Amino acid sequence: MQVFLPDGKALDLQNGATALDAASLIGPKLAEQAIGARANGKLWDLLTPLPEGAKLEILTTRKPAEAIDLMRHTLAHVMAQAILEVYGSKGFARDSIKMGVGPVIENGFYYDFDLPEPLKFEELEILENKMREIIARDLKLSRYEVTREQALAEFAGRDRYKTELIEGLPDNEPMTFYRQGSEADFTDLCRGPHIPRTGLIPPHFKLTATSGAYWRGSEKNPMLQRIYGVAFATAAELEKYLWQQEEAKKRDHRKLGKDMDLFTFSDEVGQGLPLWLPKGAFIRKKLEDYMYEKEQEYGYDYVISPHITKEALYHRSGHLPYYADGMYAPIEIEGENYYLKPMNCPHHHMIFAARPKSYRDLPARYAEFGTVYRFELSGALTGLARVRGFTQNDAHIYCAKSQVKEEFIKVIKLFEEVYKDFGISDYWFRLSLPDFENNPEKFGEPGPNWDESIAAIRAALEETGAQFVEGIGEATFYGPKLDVQLRTVVGKEESIATNQLDFIVPSRFDLEFTNANGEKETPVVIHRAIMGSFDRFFAFYLEHTAGNFPVWLAPEQARIITISDRHLDYAKQLEAQMKQQKLRVTVDSSSERMQAKIRDAEIAKVPFILIVGDKEILENAVSVREHGKGDRGKVSTTSLMSEIHERVEKRI
RNA sequence: GCUCGUGUAGCUCAGUGGUAGAGCACUCCCUUGGUAAGGGAGAGGUCGUCGGUUCAAUCCCGACCACGAGCUCCA
């Protein structure tokens, strides 16, 4: 057979030859340095027979990053062998250890084990050292194909997970095993690909975590112990990854929320029910005021609806019984069931329906900072990012089908404006589409409603030039979605806001308007949430800024620090003067040294630190120290105040 | 919800089968110092909750509650 090298040259090989054979034919040096290959663009290992006519590229130790996934995969196997050896030396029989799957994941790998006794987090170091030992042994990997019967026989009676995996494999593909070292070392059912020797694994890996994970991800199955590791081709990458983890820990909104007295939770109040402390509430109110102003500009009408509502409304909306699991249990009052509202749309529909509507009234845009309650799984709760009671930056736009595109353009523009004002630039839209084939019970039948609405959103995206990706099967049952995703400062992807087109529920509420021909017509609804929920947005933004809020949001914009007590009168005067100008300023009149006061103010992340002493008093000035930037020297009081005002105005 | 881990002062965390400690923060006193910690004293805890074992439990056991990691779910 023939394969083709990157320069187009053909290479003649025996049938069943591997990339290693090809490399050896090219040269012994290459064969020695080879760690993997790419066949027709796909990551391939040196042990697997090449397909006829493949475009072949040999990956070498010179560019280890290209083959990092091979190494990660082999590391998972090395970890499995290390588990066998560590538990062996604890006195456990080899067959008492059962294994799930051990795949490559972003940045690393994991392996799921069913262990006779759990591995403690502290033992990860022992395991990791054992892995390094196995790597140092430089075990050679080999690959062989077996029949289903042979594969089953290998695990019969000792590993139900592997047996189950084998039973689920398709008939038409060969089953392959990878062995490192001898039979006494480690052999696993595996589709590959792997590197040829354990000695090629770079030392830049680290076991990071242990956790439980259900066999095959189903809570009906037993829980296995998962061990996670990260691995990189270079020390620099590993360091960067670990740095990012550290940084993420430092920026964790739960930590900052505590340190900066922004919000808290209380056992006695309940899980997932946040208490906003004065400083956090101040910022949240600023966010709400900001959105209110923006929405006024964009033609939204503000509405208000109750937190609790009769059961029947949620039958009509279709939430019950389908969404009952996500709702708090009902409260019975005077023989009727009331629910805490999990969303605002039914109420807005009732507001729309409360008065007859003409096409002249459309689009009707109802906005509400609606507080909703959802019964999230307790294990899913995370600080303010996932709570059970939260306030949405919610709005529903009722419009004719012909207005959908125009309205989506406005929504996209509003997003862009808001995100710009908050310094968020790494975001994109995701158009979520239905998957009729695989989920007909959710999405129903394809039809003009779907086609037209998807086309309208697409057109809006194209017209605004917004960057977007598509996701199949992620739409809602009532229409396509346009989610907003962003990348956080520590590289994590998050979905923060969502916009959904709804062409089904309005008719359940008998919503209608009179069109230009005097006929009744059903509007479509756009559910949109620019900030999503204020709670989650706040959590995100806190991490985004690491708590260094811009001046317009900072609860304390400036702190005056005196050099000695005799400057306190001047400081108080200055405070009064600035407060008159609606600036949020305090005086630190404690008996600490100036250095200590500066440190306190820096830790509190106060944007402006104003130092006053004899020199400043003489010139009616302050010495400005900007948070995180250091001493800026003397500035006149008036120019400082106008600078702050300007920055508040520009939101920087 | 599930598995594992954790719960001691406002915060970060030590510690012990004989009812408890540090640092920071707080209060007071001394210090009046020019850009990230001056010194001293004091106050502060039902050791998450309830039950069990024990002469004795913050410590051992159980249940519950909460938090964390991961899994799962997400109209």
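Residues numbered from 1 in each chain as written. Chains lettered and ligands numbered in written order. Predicted model: local features only at pLDDT ≥ 70, side-chain atom pairs only at ≥ 80, totals over all residues. Heavy atoms only, no water.

Draft legend 1. Up close: the protein's contact with RNA strand B. Around RNA strand B sit 46 residues, and of these Y214, Q271, I563, R599 and E616 come closest. Sugar and phosphate atoms constitute 46% of the interface atoms of RNA strand B, taking the interface as everything within 4 Å of the protein. Contact between RNA strand B and R593: a phosphate oxygen at 2.9 Å from a side-chain N or O atom of the residue. At 3.2 Å from a base oxygen of RNA strand B is found a main-chain nitrogen or oxygen belonging to D614. Ranked by residues supplied to the surface near RNA strand B, first place goes to helix α18 (residues 594–603) with six residues. Tallied by class, residues from the surface near RNA strand B come to 14 nonpolar, 13 polar and 19 charged. (Near = heavy atom within 4 Å. Polar contact = N/O pair within 3.5 Å; in protein donor to acceptor, adjacent residues only side chain to side chain. Helix = DSSP H or I, 4+ residues; strand = E, 2+ residues; numbered from the N terminus. Nonpolar A, V, L, I, M, F, W, Y, C, P; charged D, E, K, R; others polar.)

Draft legend 2. Representation of the domain arrangement of chain A within the structure. Partitioning chain A into domains gives domain 1 (2–62), domain 2 (68–241), domain 3 (291–544) and domain 4 (558–650). Look at where the C-alpha atoms of domain 1 and domain 2 centre, and you get two points 26 Å apart. Considering only the side of domain 1, the residues that lose the most area to domain 2 are I35, L43 and L47, jointly responsible for 55% of the buried surface there. Run the count over domain 1 and domain 2 and you get zero salt bridges. At the junction of domain 1 with domain 2, the criterion picks out four residue pairs in polar contact (both at pLDDT 80 or more). Elements supplying a minimum of two residues to the side of domain 1 that touches domain 2: β3 (34–39) and β4 (42–44). Among the elements that make up the side of domain 1 that touches domain 2, the one with the highest residue count is β3 (three residues). (Domains from an automatic or database assignment. Buried area = accessible area lost by both parts, 1.4 Å probe. Salt bridge = Lys/Arg side-chain N within 4 Å of Asp/Glu carboxyl O.)

Draft legend 3. Up close: the sheet that holds strand β29 (residues 558–562). On the basis of which strands lie adjacent, the open sheet formed by five strands has the order β30-β29-β31-β32-β33 and mixed pairing. Two strands lie at the open edges of the sheet, namely β30 (585–588) and β33 (630–636), each paired on one side alone. Sheet twist, expressed as the average angle between the axes of neighbouring strands with direction ignored, equals 30°. Across six bridges, the pairing between strand β32 (residues 621–626) and β33 is antiparallel. Within β33, the residue paired with S623 across the bridge is K634. Across the sheet, α18 touches β29, β30, β31 (608–612) and β32, and the angle it forms with β29 is around 170°. Against the sheet, helix α20 (residues 637–650) makes contact with β31, β32 and β33, and its axis sits at roughly 115° relative to β33, the strand it touches most. (Pairing = 2+ DSSP bridges. Axes fitted to C-alpha atoms, helices over the stretch in contact; angles between N-to-C directions. Contact = heavy atoms within 4.5 Å.)

Draft legend 4. The arrangement of helix α1 (residues 19–26) in detail. Residues of α1 that are buried: A19, A22 and A23. Projected down its long axis, α1 carries its buried residues within an arc of 100°, all on one side. Against β2 (10–12), α2 (28–33), β3 and β5 (56–60) lie the buried residues of α1. (Buried < 20%, exposed > 50% of the residue type's maximum accessible area, 1.4 Å probe, protein only. Arc of directions from axis to C-beta.)

Draft legend 5. Fine view of the side chain of H567. Along the chain, H567 turns up in the loop between β29 and α17 (568–580). In contact with H567, not counting residues within four places along its chain, are T562, V612, G613, D614 and I617.

Draft legend 6. Looking closely at the pairing of strand β10 (residues 175–180). Taking burial as the measure, the six residues of β10 include six buried ones, the bulk of the element. Here strand β9 (residues 141–146) pairs with β10 via six bridges, running antiparallel. Bridged to R143 within β10 is Y178. Bridge analysis of β10 against strand β11 (residues 186–189) gives four bridges, and the strand direction is antiparallel. Bridged to Y178 within β11 is D188. Taking the residues that link successive antiparallel strands as the turn, the β10-β11 hairpin has five residues, and the phi of G181 there is positive, at about 70°.

Draft legend 7. The side chain of T60, seen in detail. Within the secondary structure layout, T60 lies in strand β5. Under the relative-accessibility criterion, T60 is labelled buried at 13%. Beyond its immediate chain neighbours, meaning those up to four positions away, T60 contacts L30, Q33, A34 and I35.

Draft legend 8. Focus on the packing of helix α3 (residues 68–89) against helix α4 (residues 124–136). At a minimum axis distance of 9 Å, the contact between α3 and α4 shows a crossing angle of 115°. Comparing their axes, α4 and α3 come out roughly perpendicular. For the pair α3 and α4, the sense of crossing is right-handed. Taken together, the residues of α4 that come into contact with α3 (itself represented by L75, V78, M79, Q81, A82, I83, E85 and V86) are I126, L127, K130, M131, I134 and I135. Taken together, the residues of the contact of α3 with α4 sort by class into eleven nonpolar, one polar and two charged. (Parallel < 35°, antiparallel > 145°, perpendicular 65-115°, else oblique. Left-handed = near helix turned anticlockwise from the far one by under 90°.)

Draft legend 9. Structural detail: the sheet that holds β4. What the three strands build is an open sheet, ordered β4-β3-β5; its pairing is antiparallel. Looking at which strands have only one partner, the edges of the open sheet turn out to be β4 and β5. Across the sheet, the axes of successive neighbouring strands diverge by a mean angle of 30°, strand direction being ignored. Against the sheet, α1 contacts β3 and β5, and its axis sits at roughly 80° relative to β5.

Draft legend 10. Fine view of the environment of S453. Mapped onto the elements, S453 comes out in helix α14 (residues 448–464). A relative accessible area of 5% means that S453 is categorised as buried. Separated by 50 residues in the primary sequence, S453 and F503 place their C-alpha atoms 8.6 Å from one another. Of the polar contacts made by the side chain of S453, one reaches the backbone oxygen of N449; its length is 2.7 Å.

Draft legend 11. A look at the nonpolar core. Formed by 66 residues in total, the largest nonpolar core has its most connected members in V418, Y419, F422, F429, M531, F538 and F549. A per-element tally of this core places helix α12 (residues 404–421) first, with nine residues. Discounting chain neighbours no more than four positions away, the residues touching V418 are Y290, M291, K294, I530 and M531. Grouped together as the second largest cluster of nonpolar side chains are 38 residues, I35, L59, I68 and A80 included. (Core = buried A, V, L, I, M, F, W, Y, C linked by side-chain atoms within 4.5 Å.)

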